[in-house]
Amino acid sequence: MSLVTIPPRPGDVAPEEWCRRLEAGDILFFPDSPVPIPAGDLEFLLGRRQSGSALHKNIAYKPDRDSLSGVDRGQAGPEAAAEIFRLHSILRRYSRDAAGFLASFLTPYEGRLRLDYASFRPLEEQGRDLPPRRRNDLLHTDAFPTRPTRGARILRFFNNIHPERSRDWVVGEPFEAIAKQFAPKQIALPRPNTALGRRVKSMAASAGLGRVFPALRRSPYDGFMMRFHNFLKENAAFQAECRKSSVRFPPGSSWLAYTDMVPHAVLAGQYALEQTFLVDHAAMVAPEHSPLSVLEAMAGRALT
Ligand code: SIN
Ligand code: FE
């Protein structure tokens, strides 16, 4: 993995080269975020530290529904309602700006980038008390329990909006290296759905059960990616012994990475904004590195 610093005017590099670097497992680093946060918005976001605020937890913005989740509407008096309204408009704009930036920066993906959730992360990451599979201070590759991607890639854009402190990550070797280290000996390769399995899934889907049980919507690929995420977090030897390096993202910076292939953990930092994109597998400029291609080559069959 390399951290590739993007100059303020990256004009003379072909955009395809940035896609290529990302798809090889590099992190693109922008010392001054190309998606700056207006001063008034920043002041509001950094003011969410009081625990009395309705907005002291990590909050997701869902652009397709233009809705927020994770907000405490329970005791929402007029003050809390105004706070929620303000955060909503800030995240709506952040999401739109991040999407605009990516569309202009990664032009080879045009029309094949889907806008997924954005989030505001006001919590201190150091010492959070979470169950093992939800801990973000353990190295992992991303997989969404409730939103299987069926081979689409998870590309994430971050802003460290803390006024003074860096956001401290540890990153490991890209997917191909670690998948080959552990599969199939310690973690089974994805198995294709049997004819019976496919029938059960399609009956369950037509009965609307896929909404309640997201696992029913997982392709063999998604099933593996979810198990791999859990396997890495629960593997103490991997956490302790894998090749890794630390990266500190300074205040005001942004970074971009395929977090489904770059093992990452956040050890410390507070206040970040993030926008997730789902990129069609068919848009890859170097598809041979993708988790789907790596797994299909290992399994010798299609997995979505
Ligand atoms: C994660 O995706 O694991 C969290 C990264 C962060 O919040 O910095
Ligand atoms: Fe993650």
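Quick summary incoming for the structure in this document. (Residues numbered from 1 in each chain as written. Chains lettered and ligands numbered in written order. Predicted model: local features only at pLDDT ≥ 70, side-chain atom pairs only at ≥ 80, totals over all residues. Heavy atoms only, no water.)

With that out of the way, let us pick up the site of ligand 1. Lining the immediate environment of ligand 1, one finds Arg121, Asn136, His140, Asp142, Arg156, Phe158, Arg167, Trp169, His264 and Val266. Within the side chain of Asn136, an N or O atom sits 3.4 Å from an oxygen atom of ligand 1. A distance of 3.2 Å separates an oxygen atom of ligand 1 from a polar atom in the side chain of Arg156. Contact with the protein chains covers 99% of the free accessible surface of ligand 1, which is 260 Å². More than half of the atoms of ligand 1 fall within 2 Å of the grid points belonging to the largest pocket. Taken together, the elements giving at least two residues each to the shell around ligand 1 come down to β6 (153–160), β7 (167–172) and β10 (264–268). (Near = heavy atom within 4 Å. Polar contact = N/O pair within 3.5 Å; in protein donor to acceptor, adjacent residues only side chain to side chain. Areas by Shrake-Rupley, 256 points an atom, 1.4 Å probe, with all protein chains shown as cover. 1 Å grid on protein atoms, 1.4 Å probe; cavity = no way out; pocket = protein on both sides within 12 Å on 5 of 7 lines; lining within 4 Å. Sits in = over half its atoms within 2 Å of the grid points. Helix = DSSP H or I, 4+ residues; strand = E, 2+ residues; numbered from the N terminus.)

Attention now moves to the sheet that holds β7. The antiparallel open sheet is built from three strands, whose spatial order is β8-β7-β10. The strands lining the two open edges of the sheet, one partner per strand, are β8 (244–249) and β10. Within this sheet the neighbouring strands show an average axis-to-axis angle of 30°, counted without direction. Bridge count for β7 against β10 is four bridges, and the pairing is antiparallel. When the bridges of β10 are listed, Val171 appears paired with His264. (Pairing = 2+ DSSP bridges. Axes fitted to C-alpha atoms, helices over the stretch in contact; angles between N-to-C directions.)

With that out of the way, let us pick up empty space enclosed by the protein. In total, this model carries three cavities of 30 Å³ or more according to the counting rule given. Lining of the largest cavity is provided by 13 residues; of these, Ala143, Phe144, Thr149, Asp222 and Met225 occupy positions nearest its centre. Top contributing element to the lining of the largest cavity by residue count: helix α7 (residues 220–234), with four residues. Along the lines of polarity and charge, the residues of the lining of the largest cavity split into eight nonpolar, one polar and four charged. The volume enclosed by the second largest cavity comes to roughly 50 Å³. If you trace the second largest cavity, you find it lined by Val35, Pro36, Ile37, Pro38, Asp41, Ile90, Arg93, Tyr94, Asp97 and Leu273. (Points joined across faces, edges and corners; volume = space filled by probe spheres on them. Nonpolar A, V, L, I, M, F, W, Y, C, P; charged D, E, K, R; others polar.)

Right, let's talk about the pairing of β6 for a bit. Of all eight residues that make up β6, eight are buried, and the element is covered over most of its length. Side chains of β6 alternate between two faces, with Arg153, Leu155, Phe157 and Asn159 and Ile154, Arg156, Phe158 and Asn160 buried alike. Pairing between β6 and strand β9 (residues 254–258): five bridges, direction antiparallel. Considered in β9, the bridge of Phe157 is made with Leu256. (Buried < 20%, exposed > 50% of the residue type's maximum accessible area, 1.4 Å probe, protein only.)

Before going further, it helps to examine helix α5 (residues 195–206). In this model, α5 (twelve residues) spans 17 Å end to end at C-alpha, consistent with the 16 Å of a helix rising 1.5 Å per residue. Burial of α5 is sparse: only one of the twelve residues sit out of reach of the surface. Note on α5: the residue one or two positions beyond its end, Gly208, has a positive phi of about 80°. (Expected span 1.5 Å × (residues − 1).)

Glancing now at the packing of helix α4 (residues 175–182) against α7. Between α4 and α7, the least distance of the axes is 12 Å, while the angle of their chain directions is 80°. For the element pair α4 / α7, the angle class is roughly perpendicular. For the pair formed by α4 and α7, the contact residues are Phe175, Ile178, Ala179 and Phe182 on the first element and Phe224, Met225, Phe228, Phe231 and Leu232 on the second. The residue makeup of the contact of α4 with α7, split by class, is nine nonpolar, no polar and no charged. (Parallel < 35°, antiparallel > 145°, perpendicular 65-115°, else oblique. Contact = heavy atoms within 4.5 Å.)

A few words now on the pairing of strand β11 (residues 272–279). Among the eight residues that make up β11, eight are buried, leaving the element largely enclosed by the rest of the structure. What you see with β11 is no split at all: Ala272, Glu274, Thr276 and Leu278 on one side and Leu273, Gln275, Phe277 and Val279 on the other are buried throughout. Of the strand pairs in this sheet, strand β5 (residues 113–121) and β11 are connected by seven bridges, and their pairing is antiparallel. Each residue of the ladder has a partner; that of Leu113, found in β11, is Val279. As judged from the eight bridges shared by β6 and β11, these two strands associate in the antiparallel manner. Bridge pairing in β11 places Arg156 opposite Thr276.

A word on the layout of surface pockets. Of the voids in this model, the largest pocket is the one considered here, and its volume is about 1000 Å³. Of all the secondary structure elements, the ones that give two or more residues to the lining of the largest pocket are β3 (59–62), β5, β6, β7, α7, β10 and β11. No other element matches β5, which puts five residues into the lining of the largest pocket. Looking at side-chain class alone, the lining of the largest pocket contains 13 nonpolar, eleven polar and twelve charged residues. Quantified by volume, the second largest pocket comes out at close to 310 Å³. Pro63, Asp64, Arg65, Leu115, Asp116, Tyr117, Thr146, Arg147, Pro148, Arg211, Arg217 and Leu278 together form the lining of the second largest pocket. Per-element tally for the lining of the second largest pocket: the top contributor is β5, with three residues. Split by residue class, the lining of the second largest pocket holds five nonpolar, one polar and six charged.

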